[in-house]
Amino acid sequence: MKTKQSPTRVAVMAAASLLASLALMASAAAQDVKTRTLKFAFSLAQDHPLGQGAQKFADLVAEKSGGKMKVSIYANAVLGGDPQNLSAVRGGTLDFTSMATGLLAGIDKRFMVFDLPFLFNDAQEAYAVSDGPVGQRLLGGLADHGLIGLGIWDLGFRNMTNSKRPISTVQDFQGLKIRVIAAPVYIEMFKTLGANPVPMTFGEVYGALESKAIDGQDNPVGVIQSAKFAEVQKYLSLTRHIYTGMPFLMSKKTWDGMTQTERQIILDAAAEAKAQERKISQAKEAVAIDDLKKLMQVNGLTPDQVTQLRDAVKPVVDKFAAEIGPEVMQQTATELSTLRAKR
């Protein structure tokens, strides 16, 4: 004759069984996570929003792996500039890096879509395209080039600094020697505006500005502040001419050597860090402008002046749209139209 068990006892036994199963699963998962030290290098400062995002990623990886996986941060281009970091990640000697979308155009021309002048009206539009079908498609294609795309972080809208004069019109660009990232869209845009673009890695910019080898550069205000460009530049013009996203890149060689559990830790940490980095970047922009007004002469642009600049660089947009390809251009236009219609 079977003894009838009380509902309470049945519940306790079920809970104990569940806990035992969870413990076994946790143990199995822990065995799937190896002790690793991974390297994450980039060109920006540790206190820049991207540097803070990198630290958030490192903290999350450590937390989610029970301390087994450690991510060491190398800021300020201490391991090399963006080209060196990109090569190292593709070769498997560096695990993570992040750099402007324009720098990936040498690998895949379609990435130039993110760098088209005056494409996005605000950060939310840029995020929507980055996280949507266009962004995911381009990030997914990086696997063919030894890279795993883990999302697109936020650098912000680029603005002009220089040592000569405020910039409000096309005429103000004439003859200025402007540092640009080594990306075709940037070079062509500044040539079209009448400036003399000088491709240069980020780590070289401060010294070149200080020595007057160049007159100016363009970057989001958070970068301008963290790089202390106000020490060597007099004018800041809020042109917001190009939005710069920062793809977070992982070495495919490192990825291929990981278990599924380890990969999920990386994916989850990257998603959380991206959201946090974007929040920090947005909050930093307004504060940075106020702080820079105390150190530099700052000017904004009227809607008519923005229209004039947009019209001036339209040939650049048309030229690179042909290289990007009609499919990506159309998909981007559709996404932006849909988003704007909802507002």
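Details of the structure are given in the entry above.
About the criteria used
Residues numbered from 1 in each chain as written. Predicted model: local features only at pLDDT ≥ 70, side-chain atom pairs only at ≥ 80, totals over all residues. Heavy atoms only, no water. Phe/Tyr/Trp six-rings, centres within 6.5 Å; stacked < 30°, edge-to-face > 60°. Helix = DSSP H or I, 4+ residues; strand = E, 2+ residues; numbered from the N terminus. Buried < 20%, exposed > 50% of the residue type's maximum accessible area, 1.4 Å probe, protein only. Lys NZ or Arg CZ within 6 Å of the ring centre and 35° of its normal. Salt bridge = Lys/Arg side-chain N within 4 Å of Asp/Glu carboxyl O. Core = buried A, V, L, I, M, F, W, Y, C linked by side-chain atoms within 4.5 Å. Contact = heavy atoms within 4.5 Å. Pairing = 2+ DSSP bridges. Axes fitted to C-alpha atoms, helices over the stretch in contact; angles between N-to-C directions. Arc of directions from axis to C-beta.

(A) Representation of the packing of aromatic side chains within the structure. What the rule picks out here adds up to 14 aromatic pairs. Taken together, a centroid distance of 5.0 Å and an interplanar angle of 25 degrees make the contact between Phe40 and Phe248 stacked. Linking Phe40 in strand 1 (residues 36-41) with Phe248 in strand 10 (residues 243-251), this pair joins segments that are 208 residues apart in sequence. You'll find Phe40 and Phe248 in the same group, each marked buried. Measuring from centroid to centroid gives 6.2 Å for Phe173 and Phe190, while their planes differ by 50 degrees, and the two rings are tilted. One end of the pair, Phe173, is in the loop between strand 5 (159-162) and strand 6 (177-180); the other, Phe190, is in helix 6 (residues 184-192), with 17 residues separating them in the sequence. With respect to class, Phe173 is no different from Phe190; both count as buried. One aromatic cluster is present, built from ring pairs that chain together Phe40, Phe42, Phe57, Phe96, Trp153 and Phe248. Sitting above the plane of the Phe157 ring, Arg240 keeps its charged end 4.2 Å from the centroid.

(B) Structural detail: the pattern of salt bridges. Evaluation of the coordinates by the stated rule reveals 16 salt bridges. Across the pair Glu262 and Arg36 runs a salt bridge whose closest N-O atoms are separated by 3.0 Å. Of this pair, Glu262 sits in helix 10 (residues 260-293) while Arg36 sits in strand 1, and the two are 226 residues apart along the sequence. Pair check on accessibility: Glu262 and Arg36 agree, each one buried. With its nearest N and O atoms 3.4 Å apart, the salt bridge here joins Glu323 to Lys109. Taken together, the positions of Glu323 in helix 12 (residues 314-324) and Lys109 in the loop between strand 3 (96-98) and helix 4 (123-131) put the pair 214 residues apart, joining distant regions of the chain. Classification of Glu323 by relative accessible area gives partly exposed; the value is 33%. Each of Asp122, Glu125, Arg340 and Arg343 takes part in a single network of salt bridges with overlapping partners.

(C) Region of interest: the nonpolar core. Phe40, Phe57, Val71, Phe96, Phe114, Phe120 and Ile266 are the most contacted members of the largest nonpolar core, which has 104 residues in total. If you tally residues by element for this core, the top one is helix 10, at eight residues. Not counting residues up to four positions away in its chain, the partners in contact with Ile266 are Leu38, Phe57, Val61, Met69, Phe96, Leu150, Met250 and Met258.

(D) Region of interest: the sheet that holds strand 2 (residues 69-74). If you trace the five strands from one edge of the open sheet to the other, you get 2-1-3-10-4, paired in mixed fashion. The open sheet has two free edges, formed respectively by strand 2 and strand 4 (147-157), since each of these has just one partner strand. Here the strands of the sheet are splayed against their neighbours by 20 degrees on average, with no regard to which way each runs. Where strand 3 meets strand 10, three bridges bridge the pair, whose relative direction is antiparallel. Note that in strand 10 the partner of Ser98 across the bridge is Phe248. Here helix 10 sits on the sheet and contacts strand 1, strand 2, strand 3, strand 4 and strand 10; the angle it forms with strand 4, its principal contact strand, is near 5 degrees.

(E) Summary view of the sheet that holds strand 9 (residues 235-237). The strand order across the open sheet formed by six strands is 7-6-8-5-9-11, and the pairing between neighbours is mixed. Every interior strand has two partners, whereas the edge strands, strand 7 (196-199) and strand 11 (297-299), have only one. Looking at each pair of strands side by side, their axes are set apart by 25 degrees on average, direction ignored. By the bridge criterion, two bridges tie strand 6 to strand 8 (residues 216-219) in an arrangement that is parallel. Bridging from a neighbouring strand, Arg179 pairs with Gln217 of strand 8.

(F) Looking closely at helix 5 (residues 133-141). Those residues of helix 5 that fall on the buried side of the exposure criterion are Val134, Gly135, Leu138, Leu139 and Gly141. Taken around the axis of helix 5, the buried residues stretch over an arc of 160 degrees, which confines them to a single face. In this structure, the buried residues of helix 5 make contact with helix 4, strand 4, strand 10 and helix 13 (326-341).

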